[in-house]
Amino acid sequence: MKTVIDVRDLHKDYVMGDTIVHALDGVTTEIYEGDFVAIMGPSGSGKSTFMNAVGCLDRPSSGDYFLNGEEVSAMGDVELAQIRNKYIGFVFQTFNLLPRTSALKNVELPLMYAGTKGRSERAKGAIELVGLTDRMHHKPNELSGGQQQRVAIARAIVNDPVLILADEPTGNLDTRTSHEIMALFQELNDQGKTIIIVTHEAEIAQHCRRVIRFRDGRIEKDEVVDDQVNAIDALAALGPAPR
Amino acid sequence: MTFWDSFSSALRAIRANKLRSALTMLGVVIGVGSVIAMVGIGEGTKKKSLQELEIMGSNRISVVPNWRRGRGHSATANQSTLRLEDVEAIKREVPLVKNITGIVRRGATVKFGANNHRTNANGAHPSIQEIENAKKMHSGEWYTYEDEELMNKKAVLGWLVYEELFGGTQNALGAIIKINNQNFEVVGVVDYKGGSGWMNPDDQVYVPLKTAQYRLTGQKDRFSYITMQATSSELLPIVQSDVEAVLGKTRKSATGEELFRVFNQAESLEAIQTQSKLLSYLLAGIASVSLLVGGIGIMNIMLVSVTERTKEIGLRKALGATGSSILSQFLLESIVMCIMGGLIGIILGGAATRFVANMFKVPPVINSSAVMLAFGFATIVGLFFGIYPAVRASRLQPIDALRYE
């Protein structure tokens, strides 16, 4: 199996006043292609710091990080921007869509920074994949939370990244919509996408294949989910959608 | 990320905050508009002065009595030191003078029927039509030298006088008017010249010199002033010094002070040009200050915009934007705002020029170099004042920017 993420002895220290906080205190792990990982842990456990390091949004204090076989821990700002653009698709808790900008234009954004030709066609393809073709000319404030998150997922996959990083993607959504979004992630995972989700809801983690638990900047537990919940079944269990 | 992408991002950002963008642009609009309007009005004033000089006649030299000597004296012909023999001497000794006449001028009330009008009556040789560039007639003709010899009471009216007495439509030729209660026959009306001010060439009445001397004023050999025309404009300074030399022989006071002063048109021309240049510089200076203030306004708003959009910057960086693409986006935003402000400023400045020019009755001049200068300056203002906020935006770390609340 191909290794997408390979981190070795990752450290991240913050200076807070006169104490040093070890947000990451020697994290070593590997994540393989096609994996679907939930990162869990109490706040302050280092899971967000880990995500930011993996997403190349922040640099570790020490340790090695190989993404798709490339050593990113030694890269400069411009290279990191290209890595984020090419290899990683981000999904945020607050969606982070550009306001007053249509769904289609939002999805085109990573393609714009990649300098891809035929952007509109590819963006339309990604929007179709998340099932929002009929809403692609709507602006974010004209879409529901679930629809906005779908647009954000379309934006995350449009550049065909090796890794999708989702930070509390269902944190702002109700149960039904959360299941819908998880169903979409499962579908993408079935198609072979590697996905990492940060969550503190055990129920959400149950949709994944593997759970990594953080505590005090270290990996506390790393286990395979035996009874993975199928989001479509979970949706059905909720009963028919209210009108 | 192409230039076009940065450009459309900038446009979108400007459109997204219409009111704020408009207020930001206002500084540049006013700056550019005032540069254009002020330079335009300065140029218009200059053009107007030159035109006025032109309608007063070309290559002119005038000699006036030196009034400074007699303190408190009012300027009337009876104290004048200029006499008939001065005109004769100039005619004789300065061949570069083409036309010359002594002028007896006096304030006069002219009447026709129930209409009356206060104007200047000028006794002058018929050659005044050459000197004052007044050959083009609305109707009739100038009086002749024969009229002058016979001291005929004939009059030529300036356009304004004709309008006041005859309503501007009636036939004036052959009509008998009263000038200071003496009957004169109107023989000609000079075409409209478009003058203004206290020496308005349209507001004059001309009668033969001798008629004025013997029948209107009684000033038989003193002139209010002498005016003449040189053969060419380059010769004006030479002619002036010749005239000064000729008159200097006889017209000096006991203390050796000259009792006359000589003016030539080239001097007035130069004075107008110096004055208008000074005026232009002053106005452009004032306008530049408003452009500068506009630029500071742009910087202010762009800094606010960068802070406000920190999260957007973080997102763009997460999606793969490099520092330079963020830089170019924000820089273009301020440049585009300045250019738009500049374009609006040019239009408004043009309109303001027309409006003010109309108000002051000067020709509207829209100087293309002022337009280019103002526009270029606006772009530079956008670039200069946009750089700092754009650099700040581009240097934000993605994680800090994303976390910003």
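Treat the numbers as computed from the prediction; the structure is a model and nothing was measured.

**Let's talk about the overall build of chain B**
- Scanning chain B for helices and strands turns up 13 helices and twelve strands.
- Taking 22 Å as the expected radius of gyration for a compact globule of 405 residues, we find that chain B reaches 33 Å, considerably beyond that expectation.
- By principal-axis analysis of the C-alpha atoms, chain B measures approximately 105 × 55 × 35 Å.
- Within chain B, contacts between residues separated by at least 24 positions form 78% of all contacts whose residues are at least 6 apart in sequence.
- Summed over all atoms, the accessible surface of chain B reaches about 19300 Å², with 59% contributed by carbon and sulfur.

**Digging into helix 3 (residues 84-93) of chain B**
- Residues of helix 3 of chain B that are buried include every one of D86, V87, A89 and I90 of chain B, and no others. Along the axis of helix 3 of chain B, the buried positions cluster into a sector of 160 degrees, meaning they face one direction only.

**A few points about the environment of M40 of chain A**
All names here are of chain A.
- Along the chain, the position of M40 falls in strand 3 (residues 36-40).
- The class of M40 is buried, set by a relative accessible area of 7%.
- Setting aside anything within four residues of it in sequence, one finds M40 in contact with K47, T199, H200, E201, A202, A205, V211, I212, R213 and F214.

**Describing unusual backbone geometry**
All names here are of chain A.
- In the Ramachandran plot, C56 falls in the positive-phi region, its phi being about 60 degrees despite a non-glycine side chain.
- Position of C56 among the secondary structure elements: in the loop between helix 1 (47-54) and strand 4 (62-67).
- By relative accessible area, C56 is classed as buried at 3%.
- For D160, which is not glycine, the phi torsion reads 50 degrees and is therefore positive.
- The topology assignment puts D160 in the loop between helix 5 (145-157) and strand 7 (163-167).

**As for the environment of I41 of chain B**
Residue and element names in this part refer to chain B.
- In this fold, I41 is placed in helix 2 (residues 18-55).
- Given a relative accessible area of 21%, I41 falls into the partly exposed group.
- Taking the C-alpha atoms as reference points, I41 and I128, 87 residues apart in sequence, are found 33 Å from one another.
- In contact with I41, not counting residues within four places along its chain, are T353 and V356.

**A short note on a nonpolar patch on the surface**
- A cluster of nonpolar side chains, L19, L23, L26 and I30 of chain B, forms an exposed patch at the surface whose accessible area comes to about 410 Å².
- Within the secondary structure, I30 of chain B sits in helix 2.

**Thoughts on the nonpolar core**
Residue and element names in this part refer to chain A.
- Residues I5, Y65, L67 and I196 are the most contacted members of the largest nonpolar core, which totals 72 residues.
- Contact partners of Y65, with chain neighbours within four places excluded, come to I5, D6, V7, L10, A53, V54, C56, E70, E71, V72 and S73.
- Counting residues in hydrophobic clusters, the runner-up holds 41 residues, among them L111, V130, M136 and A152.

**So, the sheet that holds strand 2 (residues 19-32) of chain A**
- Strand order in the open sheet formed by four strands is 2-1-4-5 (chain A), with antiparallel pairing between adjacent strands. Unpaired on one side and paired on the other, strand 2 and strand 5 (70-71) of chain A mark the two borders of the sheet.

**Considering the packing of aromatic side chains**
Residue and element names in this part refer to chain B.
- Under the counting rule described, the total for this entry stands at eleven aromatic pairs over all chains.
- Centre to centre, the rings of F384 and F385 are 5.1 Å apart; their planes meet at 90 degrees, and the pair counts as edge-to-face.
- Ring pairs connect the aromatic residues F112, W159, Y162, F166 and Y192, which therefore count as one cluster.
- Sitting over the ring of F184, K153 keeps its end group 5.9 Å from the ring centre.

**Side note on the packing of helix 9 (residues 265-308) of chain B against helix 12 (residues 368-395) of chain B**
Residue and element names in this part refer to chain B.
- As a packed pair, helix 9 and helix 12 sit with axes 9 Å apart at the nearest point and diverge in direction by 30 degrees. In terms of orientation, helix 9 and helix 12 fall into the roughly parallel class. As for the relative orientation of helix 9 and helix 12, their crossing is right-handed in sense. Contacts from S288, L291, L292, G295, I296, M299, M302, L303, V306 and T307 of helix 9 reach helix 12 at A374, F377, A378, V381, F385, Y388, P389, R392 and A393.

**Observations concerning the domain arrangement of chain B**
- Domain parsing of chain B yields domain 1 (3-52 + 271-403) and domain 2 (67-258).
- Between domain 1 of chain B and domain 2 of chain B, the C-alpha centre-to-centre distance is 55 Å.

**Some remarks on the interface of chain B and chain A**
- The interface of chain B with chain A comprises 22 residues on the first partner and 24 residues on the second.
- Surface buried jointly by chain B and chain A totals about 2100 Å² across both partners, of which 59% is contributed by carbon and sulfur atoms.
- Taken together, the links from chain B to chain A amount to one salt bridge.
- When the shortest N-O distance is used, the salt bridge between D5 of chain B and R119 of chain A registers 2.8 Å.
- Linking chain B with chain A are four residue pairs in polar contact (both at pLDDT 80 or more), by the criterion used here.
- Put simply, the parts of the chain that give the side of chain B that touches chain A at least two residues each are helix 1 (3-16), helix 10 (310-318), helix 11 (323-359) and helix 13 (398-403) of chain B.
- Top contributing element to the side of chain B that touches chain A by residue count: helix 10 of chain B, with six residues.

**Some details on the sheet that holds strand 6 (residues 88-91) of chain A**
Residue and element names in this part refer to chain A.
- Read from one edge of the open sheet, six strands run 6-7-8-3-9-10, paired in mixed fashion. Lying at the two open borders of the sheet, with one neighbouring strand each, are strand 6 and strand 10 (218-224). The sheet shows a mean angle of 20 degrees between the axes of neighbouring strands, taken without regard to direction.
- Contacting strand 6 and strand 7, helix 2 (residues 77-87) crosses the sheet at an angle of about 80 degrees to strand 6.

**Re the pattern of salt bridges**
- Inspection of the entire model under this criterion finds 24 salt bridges over all chains.
- A salt bridge links D35 of chain A to R210 of chain A, with the nearest nitrogen and oxygen atoms 3.0 Å apart. Of the two residues, D35 of chain A sits in the loop between strand 2 and strand 3 while R210 of chain A sits in strand 9 (residues 210-215), which places them 175 residues apart along the sequence.
- In this structure, K105 of chain A and E108 of chain A form a salt bridge, with 3.9 Å as the shortest nitrogen-oxygen distance. Of this pair, K105 of chain A and E108 of chain A both sit in helix 3 (residues 103-114), three residues apart, which is roughly one turn of that helix.
- Judged by its relative accessible area of 7%, E108 of chain A is buried.
- The network of salt bridges with shared partners includes K105, E108 and R119 of chain A together with D5 of chain B.

**Overview of the packing of helix 1 of chain B against helix 2 of chain B**
All names here are of chain B.
- Across the interface, helix 1 lies against helix 2 with an axial gap of 5 Å and an inter-helix angle of 100 degrees. As the angle between them shows, helix 1 and helix 2 are arranged roughly perpendicular. For the pair helix 1 and helix 2, contact is made by I14, R15 and A16 and by K18, S21 and M25, respectively.
- Classifying every residue of the contact of helix 1 with helix 2 by side-chain character gives three nonpolar, one polar and two charged.

About the criteria used
- Residues numbered from 1 in each chain as written.
- Chains lettered and ligands numbered in written order.
- Predicted model: local features only at pLDDT ≥ 70, side-chain atom pairs only at ≥ 80, totals over all residues.
- Heavy atoms only, no water.
- Helix = DSSP H or I, 4+ residues; strand = E, 2+ residues; numbered from the N terminus.
- Rg over C-alpha atoms; globule rule 2.2 N^0.38 Å.
- Contact = heavy atoms within 4.5 Å.
- Areas by Shrake-Rupley, 256 points an atom, 1.4 Å probe, with all protein chains shown as cover.
- Buried < 20%, exposed > 50% of the residue type's maximum accessible area, 1.4 Å probe, protein only.
- Arc of directions from axis to C-beta.
- Patch = residues over 30% accessible without salt bridge, like charges linked within 9 Å, V, L, I, M, F, W, Y side chains within 5 Å.
- Salt bridge = Lys/Arg side-chain N within 4 Å of Asp/Glu carboxyl O.
- Core = buried A, V, L, I, M, F, W, Y, C linked by side-chain atoms within 4.5 Å.
- Pairing = 2+ DSSP bridges.
- Phe/Tyr/Trp six-rings, centres within 6.5 Å; stacked < 30°, edge-to-face > 60°.
- Lys NZ or Arg CZ within 6 Å of the ring centre and 35° of its normal.
- Axes fitted to C-alpha atoms, helices over the stretch in contact; angles between N-to-C directions.
- Parallel < 35°, antiparallel > 145°, perpendicular 65-115°, else oblique.
- Left-handed = near helix turned anticlockwise from the far one by under 90°.
- Domains from an automatic or database assignment.
- Buried area = accessible area lost by both parts, 1.4 Å probe.
- Polar contact = N/O pair within 3.5 Å; in protein donor to acceptor, adjacent residues only side chain to side chain.
- Nonpolar A, V, L, I, M, F, W, Y, C, P; charged D, E, K, R; others polar.

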